[in-house]
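Structural description and commentary
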Amino acid sequence: MEYINLGWSGTKVSKICLGTMSFGDPSLQLYGKGGWIVGREQALKILEKAWDLGINFFDTANVYSKGSSEKILGEFLFGRRDDAVIATKVYFPMSDKPNDRGLSRKHVMKQVKDSLLRLKTDYIDLYQMHRWDYETPIEETLSTFNNLVSEGFIRYYGLSAVFGWQLAMVYYLAMAKGWERPVSIQSLYNLLYREDEREVLPFAKMHRLTYLAYSPTAVGILTGKYFIGGKIVIPEDKESTPERLWSNSNYYAKSIYVGPPDNDEIMKRLIELAQEKGVKPSQIAIAWLLHKGVIPIIGTSKVEHLEELVEAIMIKLTDKEIDDLEKPYKPKPFVHAIPPPM
């Protein structure tokens, strides 16, 4: 494993982050029907393997299985806390109560304490705004996060799935107020969806913010499993398909991945390059992200898949290979951030 600084900070994190959205309770998670969620026993096996592989960076959220993911991660890291970097998030509803959602001071202060209890720790390394809250003044949210750093509840904070103007607003407002600046941005980014290259990624690089890429294999499409007859095809047999592809909450998986001719051409080139190198398409997809200087968040329900993807660190891509993979790409709709209310 290789390690880099978390944004502008001195904290070192592994170049690959383990995402824990697939850990918890199938009946409590938000997306699909829950068949892709693994319980405590399997989750602990995956976490153990990740630790053995040198991964020290773990991403979760309070909303993942309504806290079950945090509980499993906290159980695993108990006794190893000093060597781990924990990232969790706040924003989505934790109940149907009016104040149990968003980024208000009331909700954030309650949720950070609840997350600390579930994670069995007295501090969170990276606390992230899971989405933008249009109903709460950003000054309220940032002053709250600044206080959480000062009080020792969190070490750093970051954002997730925002527009470029929102990231810039947070960064410069924090500077103007003398508050803690964000250290990271987490967003949707992979070979088939590169819209953050317009604004968010350049801003992150300019200001030394770590960019965390979620869905690095495009919900499994970049494994090549769904590339049939020269096209990306989602089988009608839903039992053999990731349930997130079919959920309303993940509508973008169908709208941006399936159909565009440029995606089919990228898949063709990806598979050909993987065959030339004697590796798997998913490993090339992860190697590409590492080449771009971002940290892929790998989520998996199987130990062997984790091992395969971590091996991508050893794959080096030439400038020509990178260019061949990127050249067919055409702009897509911007889908992962919440648009302003009209």
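Shown above is the structure to which this text applies.
In this report, we go over the structure that sits alongside the text. (Residues numbered from 1 in each chain as written. Predicted model: local features only at pLDDT ≥ 70, side-chain atom pairs only at ≥ 80, totals over all residues. Heavy atoms only, no water.)

**With respect to the sheet that holds strand E3 (residues 17-19)**
How we decide: When DSSP finds two or more bridges between two strands, those strands count as paired. In this text, helices come from DSSP runs of H or I with a minimum length of four residues, and strands from runs of E with a minimum of two, each type numbered from the N-terminal end. Here, axes are lines fitted to C-alpha atoms. For helices the fit covers the stretch in contact, and angles between N-to-C directions go from 0 to 180 degrees. Here, two residues are considered to be in contact whenever any of their heavy atoms come within 4.5 Å of each other.
Here we have eight strands rolled up into a closed barrel, ordered E3-E4-E5-E6-E7-E8-E9-E12, and parallel in their pairing. Strand-to-strand, the axes of this sheet are offset by a mean angle of 30°, without reference to chain direction. Direction of pairing for strand E6 (residues 124-129) relative to strand E7 (residues 154-160): parallel, over a ladder of five bridges. Looking at the pairing, isoleucine 124 lines up with isoleucine 154 of E7. Seen against the sheet, helix H3 (residues 105-119) touches strand E5 (85-90), E6 and E7 and runs at an angle of roughly 140° to E6. Across the sheet, helix H4 (residues 138-150) lies against E5, E6 and E7, angled at about 150° from E7, the strand it touches most.

**Considering H4**
Rule in force here: Expected span, for any helix, means 1.5 Å times one less than how many residues it has. Partly exposed describes any residue whose relative accessible area lies between the buried limit of under 20% and the exposed limit of over 50%, with all areas from a 1.4 Å probe on protein chains only and scaled to the type maximum.
For H4, with 13 residues, the first-to-last C-alpha span of 18 Å sits near the 18 Å given by 1.5 Å per residue. Along H4, the residues that are buried comprise Ile138, Thr141, Leu142, Ser143, Thr144, Phe145, Asn146, Leu148 and Val149. In the core, the buried residues of H4 are packed alongside E5, H3, E6, E7 and helix H5 (164-177). The positive-phi residue at the C-terminal boundary of H4 is glycine 152, with phi of around 85°.

**Thoughts on the packing of aromatic side chains**
Here is the rule: Ring pairs shown here join Phe, Tyr and Trp side chains whose ring centres sit within 6.5 Å, with only the six-membered ring taken for Trp; geometry is labelled stacked below 30 degrees between planes, edge-to-face above 60, and tilted in between.
Considering all chains together, one arrives at 13 aromatic pairs under this definition. For the pair tryptophan 51 and phenylalanine 58, a centre-to-centre distance of 6.2 Å together with 15° between the ring planes defines the contact as stacked. Overall, phenylalanine 58 belongs to the buried group, its relative accessible area being 0%. Where phenylalanine 145 meets tyrosine 157, the ring centres are 5.4 Å apart and the plane angle is 70°; that geometry is what we call edge-to-face. Of this pair, phenylalanine 145 sits in helix H4 while tyrosine 157 sits in strand E7, and the two are twelve residues apart along the sequence. Of the aromatic side chains, those joined through ring pairs into one cluster are Trp51, Phe58 and Phe76.

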